[in-house]
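Here is what each chain is made of, one letter per residue.
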Amino acid sequence: MRKVLVIGAGGQIGTELVIRLREKLGSENAIAADLKADCPASLKGGPYIQMDVLDREAVRKVIIDQKITEVYLLAALLSATAEKHPDFAWKLNMDGLFTILDLAKEGYLKKIFWPSSIAVFGPTTPKENTPQRTVMEPSTVYGISKQAGERWCEYYYDKFGVDVRSIRYPGLISYTTLPGGGTTDYAVDIFYQAKLGNKFSCFLKEDTRLPMMFMEDAIRATLNLMEAPIDKIGIRSSYNLSGCDFTPEEIANEIKEHVSDFEIAYDPDYRQSIAESWPSSIDDSQAREDWGWKEEYSLKDLVNVMLENVNVDLLTQD
Ligand code: NAD
Ligand code: SER
């Protein structure tokens, strides 16, 4: 019997992941938790708990009392916000992970999902088709926290048998919830501005190529990884995962196929150097071999779906 807790459920990934988990397990078996006092509207169909992942005792109590078997730990500061609050980013991104890893070590949890990121790579990493195992010298607080998290996940698996599974997500593109402060957020904002008929000001240069993925692919990958038999999980740090890759100019050109008068201007800021430190494409052959990963959405596909579904009212909601 699986009973899951998603911490950070009110964010870009959590709002979609919880819905899929509830479809699979039944609403009562997928508890959403977030710092936000109010349950996001899309998650009102099941249990919601206001929780601060930094309150170790409160988190332990919920997991033990509710007999949770799996945790999806999504609460974190993303790359751009983390550069503005480095001390807090390190605390938030690491302390919650230890609380959950320790609960699993003590036998309270059967499985953990903890997301890593392409930010674990740095300027000295091979940029194209970045291998699963390669030079990793991240130059952002976010990347350092994700790399440290990966090492701890592998350590808890090796030393204590904790079944922790992870994906190095690329930039995720979705329309249900706005993104939470990453360097890849431009590739979501661009659709809202196109829909509003505005000229889009991009904070990255036109030729900055980054790995990206449509949310539906990311959620499917997460569920498949978590359901894969234990003997198929060969990586206990975090799996490379690829969907597609594109530059701001390429996504703008694809949008122009649908919105012929769409305009973009380039005004790079501090996020440009973050983006330049990351890979432009990812080799995910290990995920394909181990648990059968295959992406479904190309750039063309995700532009179609995004333009059909983005709701500009989200921009003015809390
Ligand atoms: P998000 O910022 O959209 O959502 C994070 C959620 O965590 C928010 O709802 C926030 O309220 C909640 N939260 C913040 N502090 C909390 C606390 N102390 N206690 C409980 N909840 C708290 O982030 P996301 O895009 O959904 O990302 C989720 C995870 O996936 C993060 O670890 C992120 O690093 C990783 N990731 C995301 C992307 C992406 O493109 N979205 C890419 C790579 C990795
Ligand atoms: N999309 C994320 C970010 O830009 C990548 O981890 O921070």
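Look a little higher up for the structure.
Residues numbered from 1 in each chain as written. Chains lettered and ligands numbered in written order. Predicted model: local features only at pLDDT ≥ 70, side-chain atom pairs only at ≥ 80, totals over all residues. Heavy atoms only, no water.

Comments concerning the overall build of the protein
The helix and strand tally for the protein stands at 11 helices and 14 strands. Compactness check: the protein gives a C-alpha radius of gyration of 19 Å against a globular reference of 20 Å for 318 residues, within 12% of the reference. Dimensions of the protein along its principal axes, counting C-alpha atoms only, are 55 × 45 × 40 Å. Evaluated residue by residue, the protein yields a buried proportion of 56% over its 318 residues. Across the protein, every contact between residues at least 6 apart in sequence was considered, and the portion connecting residues at least 24 apart equals 79%. In the structure as shown, the protein presents an accessible area of about 13,500 Å², 47% of it carried by carbon and sulfur atoms. (Helix = DSSP H or I, 4+ residues; strand = E, 2+ residues; numbered from the N terminus. Rg over C-alpha atoms; globule rule 2.2 N^0.38 Å. Buried < 20%, exposed > 50% of the residue type's maximum accessible area, 1.4 Å probe, protein only. Contact = heavy atoms within 4.5 Å. Areas by Shrake-Rupley, 256 points an atom, 1.4 Å probe, with all protein chains shown as cover.)

A word on the site of ligand 2
What surrounds ligand 2 is the set Leu 78, Ser 79, Ser 117, Tyr 142, Gly 171, Gly 182, Thr 183, Thr 184 and Trp 278. A distance of 2.6 Å is found between an oxygen atom of ligand 2 and a side-chain nitrogen or oxygen belonging to Ser 79. Between ligand 2 and the protein, one listed contact pairs an oxygen atom with a side-chain N or O atom of Ser 117 at 2.6 Å. Relative to its unbound accessible surface of 240 Å², ligand 2 loses 93% to contact with the protein. For the shell around ligand 2, the residue count by class is 3 nonpolar, 6 polar and no charged. (Near = heavy atom within 4 Å. Polar contact = N/O pair within 3.5 Å; in protein donor to acceptor, adjacent residues only side chain to side chain. Nonpolar A, V, L, I, M, F, W, Y, C, P; charged D, E, K, R; others polar.)

Considerations on the packing of aromatic side chains
Applying the stated criterion to the full structure yields 10 aromatic pairs. When the ring of Phe 98 is compared with that of Trp 152, the centres are 5.0 Å apart and the planes differ by 75°; the resulting orientation is edge-to-face. Of this pair, Phe 98 sits in helix α4 (residues 86–105) while Trp 152 sits in helix α5 (residues 141–160), placing them 54 residues apart in sequence. Overall, Phe 98 belongs to the partly exposed group, its relative accessible area being 22%. For the ring pair Tyr 186 and Phe 203, a centre distance of 6.2 Å and an interplane angle of 85° mean the geometry is edge-to-face. Of this pair, Tyr 186 sits in helix α6 (residues 186–196) while Phe 203 is found in the loop between β10 (200–202) and β11 (210–214), placing the two residues 17 residues apart along the sequence. By relative accessible area, which is 0% here, Tyr 186 ends up buried. Classification of Phe 203 by relative accessible area gives buried; the value is 8%. An aromatic cluster is present here, built from Phe 98, Trp 152, Tyr 155, Tyr 156 and Phe 160 joined pairwise through their rings. The ring of Phe 160 carries Lys 105 above its face, with NZ or CZ at 4.3 Å from the centroid. (Phe/Tyr/Trp six-rings, centres within 6.5 Å; stacked < 30°, edge-to-face > 60°. Lys NZ or Arg CZ within 6 Å of the ring centre and 35° of its normal.)

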